[in-house]
Amino acid sequence: MGPIGKAWWSISLLLVSALLSAEEGVRLRILAHDEPPFMVAPESPGQPPEGLAIDVARALFSEVEIDHEFVFVPPKRAFSFAATQPGACVIALERSQEREARLTWIGPFLITRHAIYRLRQTDRQIRSLDDLKGLHIGAALGSAAAEYLEVMGFEVDLAPRNDLVLKKLQLGRNALWASDTLAASLLIREQGLSEVVQEKVFLTTLREMACHKSLPAETARQLADGLRTLYQRGDIHKIYKPYLGQQGNWLIGR
Amino acid sequence: MTSELRGWLSLLGLCSALVFFPVRAAVLTPEQWVDQELTPSTLSRAQQLAELEWFRQAARPFQGMTLYVISERIDTHWYEANVLAKAFEDITGIRVVHEITGEDDLLRKLVTQLDIGQVIYDAYINDSDLIGTHYRKQSVLSLSRFMASDGAAFTLPTLKLDDFIGLSFGTGPDAELYQLPDQQFANLYWYRHDWFQRPDLRQRFRELYGYELGVPANWSAYEDIAEFFSEKVRELDGKRVYGHMDYGRTDPSLGWRISDSWLSMAGMGDKGLPNGIPVDDWGIRVDGCRPVGASVARGGAVDSPASIYAIRKFRDWFRYAPPDAKSLNFTEAGKRVTEGQIAQQIFWYTAFVAQASQPGSPVVNPDGTPKWRIAPSPVGAYWEKGMKSGYQDAGSWTLPANVPLERQQAAWLYAQFTVSRTVSLKKTLVGLTPIRRSDIESPIMSEQAAKLGGLVEFYRSKARNYWTPTGTNVPDYPLMSPLWWKMVSRAIEGQEPVRTVMRQLAQAMDEALADSRSGSRQCGAELNPVTDEQIWLQRDGSPKAKRDENPPGITRSYEEAIRAWDR
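Residues numbered from 1 in each chain as written. Chains lettered and ligands numbered in written order. Predicted model: local features only at pLDDT ≥ 70, side-chain atom pairs only at ≥ 80, totals over all residues.

Participant: Go over the overall build of chain B with me, naming the residues and quoting the values.
Facilitator: Regarding its fold elements, chain B presents 24 helices and 13 strands. A compact globule built from 567 residues should have a C-alpha radius of gyration of about 24 Å, and chain B, at 24 Å, falls within 12% of that. If you line up chain B on its principal axes, its C-alpha atoms span 75 × 60 × 40 Å. Residues counted as buried form 57% of the 567 residues belonging to chain B. (Helix = DSSP H or I, 4+ residues; strand = E, 2+ residues; numbered from the N terminus. Rg over C-alpha atoms; globule rule 2.2 N^0.38 Å. Buried ≥ 20, exposed ≤ 12 C-beta atoms within 10 Å, placed from the backbone.)

Below is the structure:
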């Protein structure tokens, strides 16, 4: 099923589940969007979704024993559903001053670093953001790396998907590629690209689950406590491990 | 021999090792860093090189390590991230990822790290407003203890703590240092000195208001001047001008606009430094070191007449500001004065001095001197001599306790490097957020004073002790600070009357104080019982009963105004 088919299927499922949930007990609809390796939509109905954020969500809902379902929709729609529909939550969003007051937040679901990548043969040294001045930087549309660099005044060449940004780097159309390190290492691994190297980490983001404001305070507390337990028990580390590849150190390490 | 002299002699002895420093491609030597970047300094070149050699040797066990640190988005921290982190790497072999972000994001990351136990950063440059939290929760290192134990071998012999002007801001009630200042800036009154000097405007103001146009000493005068420029003058040199500038967007920076001493500038708290005793600048009453209430009914002042007056003025004065002011945040509003349409701003962070001093700016003369000045902020109708006068932000190095020891030691080296005398004067000249007495008193700062509109005079005066950060009474800053913006925004947006909002805020603060007890290891809150508000209002001090909120306006010349800093 192509991306459009996936979206229609997901939206239909969302509408059906919205109708169903009115007659059921507490059941959270977790709105996700296709963003490998964090969220990967099922190819067809009946298959489970995959991804790091999905795995974290599954572990959390299992920990707190709250019924849930995943629904894939385009990112902007996911946000507006979560902001307007009781019982809906969106994964995984960065908090911002604009969004802060509109939703109830549970996190961190994802803690990710973002880095600048270059082709090995260019031997370009990027030791600070200042060194990016005047260079063509590619990044995926809507990514945290792109948004951050744009706010900081850099010109960013946006492409709809991260793999397309990587392609531009390989073709020499951009000097640098800005991406979160997990998605980048997955692409590099999948494509066997030894010529693409990480040059400089420049940003860390926390992404959270954001729920409709009507989420009962008790449920929000239960979810927050459950997530804390997963971190403190080391479960989150285990969930991250298969996604890290060669990148042994997730956050802090020598 | 003084300990300082001993420190210098031992450092100078290490200098001979510098010639053996291995130079990698694109890596500058310490000499190159000193000669090309870290000049001027209050140290001699030899002393600078000695400090750098000490860092190189102390960092040996950590070569190849990558540190992660984070700070807020101001010029000083950009300088650290873009320049000092490179210098540190070249000298020590320790790589530093120095991230820059908004203050709310930084705070969220710190709270997350401490809450879930996952190390995200090795160190934070965190506002000293959290001192009450850190002291009570003990989830960050006491730097005093660290320097005497695991950090002793990694503490710069010439750090010279007594040279830091804001050391008390990061010190807990137990006299231990938890946060070491990295940069400081105050909020002061900003105004267009050139416009205030114009004879035509002075005469017109005198005719309309009956007193001289000058630096306002009280809020009545500020309001008159705001009305004068926005509604009477309206245009100068063909441009629309405004007598007031502020920001009011519903976001976390709106909270800081209020919690950064606005209520105490109105006169809400008690006399006594640094924050008011026993009622502080947040309106929290303490008994010893224990918070006992924020609402008037419990002896606090969050919903007292002075607080309501402060919020009303904040809301009402938007009518004199540019039409979009209410939709701006801290960062957007700070730069606005540089566009040349603002006559005065009562609450202006000096972190923006560097931007307002840029050659070619509409607010800078061709000779590089500013058309503006900063002066003591006017105070509200409830303010009395002996009270704090404003806010000072002290972004301070804070080391989480959950970071592995060797990383704490390495992070402590980087922290000290960014505040060492080798780099601090240059950093001060770039960011204009001074932390060391030696830098402030240096001849180079005297030379710069004419271009900085009063900043040097402020920091050389006793006034720097009357502009203070949030103090130790706030037991859980991350829990309590969002209450300000979430609630005050309702009054600003006109959803509810100010009085109602402040009642709700006081109640929420009381509840948060009660909730904070579970995380406090010491000096936890013990709420007073609810009593008749009149009993509290009739007593001396804060909470204060309603008084005349419209006294006659008082203004002073600039020279008189800044002399007040030394009284």
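Participant: Can you explain the overall build of chain A? Please cite residues and give values.
Facilitator: Within chain A one finds nine helices and eight strands. By residue count, 39% of the 254 residues in chain A fall in the buried class.

Participant: Describe in detail the interface of chain B and chain A, supporting the description with residues and values.
Facilitator: With 26 residues of chain B at the contact, the number on the chain A side is 22 residues. Among the elements that line the side of chain B that touches chain A, the one with the most residues is helix α5 (residues 103-116) of chain B, at six residues. Of the residues in the side of chain B that touches chain A, the class split is 10 nonpolar, six polar and 10 charged. (Contact = placed C-beta atoms within 7 Å. Nonpolar A, V, L, I, M, F, W, Y, C, P; charged D, E, K, R; others polar.)

Participant: Pulling in residues and values, what's your account of the domain arrangement of chain B?
Facilitator: Residue and element names in this part refer to chain B. Partitioning chain B into structural domains gives domain 1 (3-178 + 392-465) and domain 2 (185-380 + 467-567). A separation of 31 Å is found between the C-alpha centroids of domain 1 and domain 2. With 39 residues of domain 1 at the interface, the matching set in domain 2 holds 41 residues. At six residues, the largest contribution of residues to the side of domain 1 that touches domain 2 is made by helix α6 (residues 131-137). Looking at the side of domain 1 that touches domain 2 residue by residue, the class counts come to 15 nonpolar, 13 polar and 11 charged. (Domains from an automatic or database assignment.)

Participant: How would you explain the domain arrangement of chain A if you had to name every residue and give the values?
Facilitator: Residue and element names in this part refer to chain A. We note that the domain assignment places domain 1 (3-111 + 207-244) and domain 2 (112-204) within chain A. Distance from the C-alpha centre of domain 1 to the C-alpha centre of domain 2: 27 Å. Each partner contributes residues to the interface: domain 1 has eight residues there, and domain 2 has seven residues. Along the lines of polarity and charge, the residues of the side of domain 1 that touches domain 2 split into seven nonpolar, no polar and one charged.

Participant: Can you explain the pairing of strand β6 (residues 156-159) of chain A? Please cite residues and give values.
Facilitator: Residue and element names in this part refer to chain A. Alignment of strand β5 (residues 137-140) against β6, held across four bridges, turns out to be parallel. Residue pairing for β6: A139 is matched across the bridge by L158. Taking the sense of rotation as the criterion, the β-α-β connection linking β5, helix α5 (residues 144-151) and β6 turns out right-handed. (Pairing = 2+ DSSP bridges. Right-handed = clockwise from strand over helix to strand, strands pointing away.)

Participant: Lay out the confidence of the model for chain B in plain terms, naming residues and giving numbers.
Facilitator: Residue and element names in this part refer to chain B. On average, residues of chain B score 93 in pLDDT, and 95% of them are at 70 or above. Here residues 13-25 is modelled with pLDDT under 50, and outside its nearest four sequence neighbours on either side it reaches 16 contacts, counting other chains as well. In the predicted assembly, ipTM is 0.89 and pTM is 0.91. (pLDDT = per-residue confidence, 0-100.)

Participant: Kindly report on the pairing of strand β1 (residues 27-32) of chain A, identifying the contributing residues and their values.
Facilitator: Residue and element names in this part refer to chain A. For β1, a buried count of five out of six residues is recorded, marking the element as mostly surrounded by other parts of the structure. Looking at chain direction, β1 and strand β2 (residues 67-72) are connected through six bridges and run parallel. Within the sheet, the bridge partner assigned to R27 lies in β2 and is D67. Of the pairings in the sheet, the one linking β1 to strand β3 (residues 88-94) comprises three bridges and is parallel in character.

Participant: Explain the sheet that holds strand β8 (residues 196-211) of chain A to me, using residue names and the numbers behind them.
Facilitator: All names here are of chain A. Pairing within the open sheet is mixed, and its eight strands lie in the order β2-β1-β3-β8-β4-β7-β5-β6. Here the strands that pair on one side only, and so sit at the sheet edges, are β2 and β6. Strand-to-strand, the axes of this sheet are offset by a mean angle of 30°, without reference to chain direction. Where helix α3 (residues 75-84) meets the sheet, its contacts fall on β1, β3 and β8, and the angle it forms with β3 comes to roughly 130°. (Axes fitted to C-alpha atoms, helices over the stretch in contact; angles between N-to-C directions.)

Participant: Outline the nonpolar core, listing residues and values.
Facilitator: If you look at the biggest cluster of nonpolar residues, it comprises 244 residues, and the most contacted ones within it are L31, A53, C89 and I91 of chain A together with Y414 of chain B. For this core, the element with the most residues is helix α21 (residues 477-492) of chain B, which contributes nine residues. Non-local contacts of Y414 of chain B, meaning those with residues more than four positions away in its chain, are made with L67, V69, F88, I94 and V96 of chain B. (Core = buried A, V, L, I, M, F, W, Y, C linked by C-beta atoms within 7 Å.)

Participant: Can you lay out the packing of α21 of chain B against helix α22 (residues 498-516) of chain B for me, pointing to particular residues and giving the numbers?
Facilitator: All names here are of chain B. Packing of α21 against α22 brings their axes to within 9 Å, and their N-to-C directions diverge by 165°. One element, α21, and the other, α22, form an angle in the roughly antiparallel class. Read as a crossing pair, α21 and α22 show a hand that is right-handed. For the pair α21 and α22, contact is made by L479, M480, L483, M487, V488, R490 and A491 and by V498, V501, Q504, L505, A508, M509, A512, D515 and S516, respectively. Partitioning the contact of α21 with α22 into residue classes produces 12 nonpolar, two polar and two charged. (Parallel < 35°, antiparallel > 145°, perpendicular 65-115°, else oblique. Left-handed = near helix turned anticlockwise from the far one by under 90°.)

Participant: Please give an account of the confidence of the model for chain A that cites residues and values.
Facilitator: Here chain A averages 87 in pLDDT, and 87% of its residues register 70 or above. A low-confidence stretch, residues 1-24 of chain A (pLDDT under 50), is modelled with 26 contacts involving residues beyond four sequence positions or located in other chains.

Participant: Account for the packing of helix α11 (residues 252-259) of chain B against α21 of chain B, with residues named and values stated.
Facilitator: Residue and element names in this part refer to chain B. Between α11 and α21, the least distance of the axes is 7 Å, while the angle of their chain directions is 100°. By the angle class used here, α11 and α21 are roughly perpendicular. Two secondary-structure elements touch here, α11 through P252, L254, G255, I258 and S259 and α21 through S481, P482, W484, W485, V488 and S489. In the contact of α11 with α21, the residues fall into seven nonpolar, four polar and no charged.

Participant: Just give me the short version of unusual backbone geometry, but keep the residues and values in it.
Facilitator: Along the chain, G107 of chain A connects to P108 of chain A via a cis peptide bond; the corresponding omega equals 5°. Its place among the elements puts P108 of chain A in strand β4 (residues 104-119). With a phi angle near 65°, A175 of chain B is a residue other than glycine that sits in the positive phi range. Within the secondary structure layout, A175 of chain B lies in the loop between α7 (143-148) and β4 (180-192). A175 of chain B sits in the exposed class, given 8 other C-beta atoms within 10 Å.

Participant: Residue-level account of helix α3 (residues 45-58) of chain B, with values.
Facilitator: Taking 1.5 Å of rise per residue, 14 residues should cover 20 Å, and α3 of chain B covers 20 Å from first to last C-alpha, within 8% of that figure. Q48, L49, A50, E51, L52, E53, W54 and F55 of chain B are the residues of α3 of chain B that are buried. (Expected span 1.5 Å × (residues − 1).)

Participant: Would you mind going over the environment of A144 of chain A in detail, with residue names and values included?
Facilitator: Locating A144 of chain A in the fold gives a position in helix α5. Setting aside its immediate chain neighbours within four residues, A144 of chain A contacts E94, H114, D180, L203 and T205 of chain A.

Participant: Lay out the environment of R298 of chain B in plain terms, naming residues and giving numbers.
Facilitator: Residues and elements named next belong to chain B. Take R298: it is sitting in the loop between β9 (290-293) and α13 (305-316). R298 gets classed as buried once you count the C-beta atoms within 10 Å, which come to 24. Once the C-alpha coordinates of R298 and D510 are considered, the two residues, 212 residues apart in sequence, prove to be 8.5 Å apart. Excluding residues within four positions of it along the chain, R298 makes contact with V292, G293, D510, L527, N528 and V530.

Participant: Can you break down the environment of E208 of chain A residue by residue, with the values?
Facilitator: Residues and elements named next belong to chain A. Along the chain, the position of E208 falls in strand β8. With 24 C-beta atoms counted inside 10 Å, the residue E208 sits in the buried group. Sequence separation of E208 and R77 is 131 residues, and the distance between their C-alpha atoms is 17 Å.

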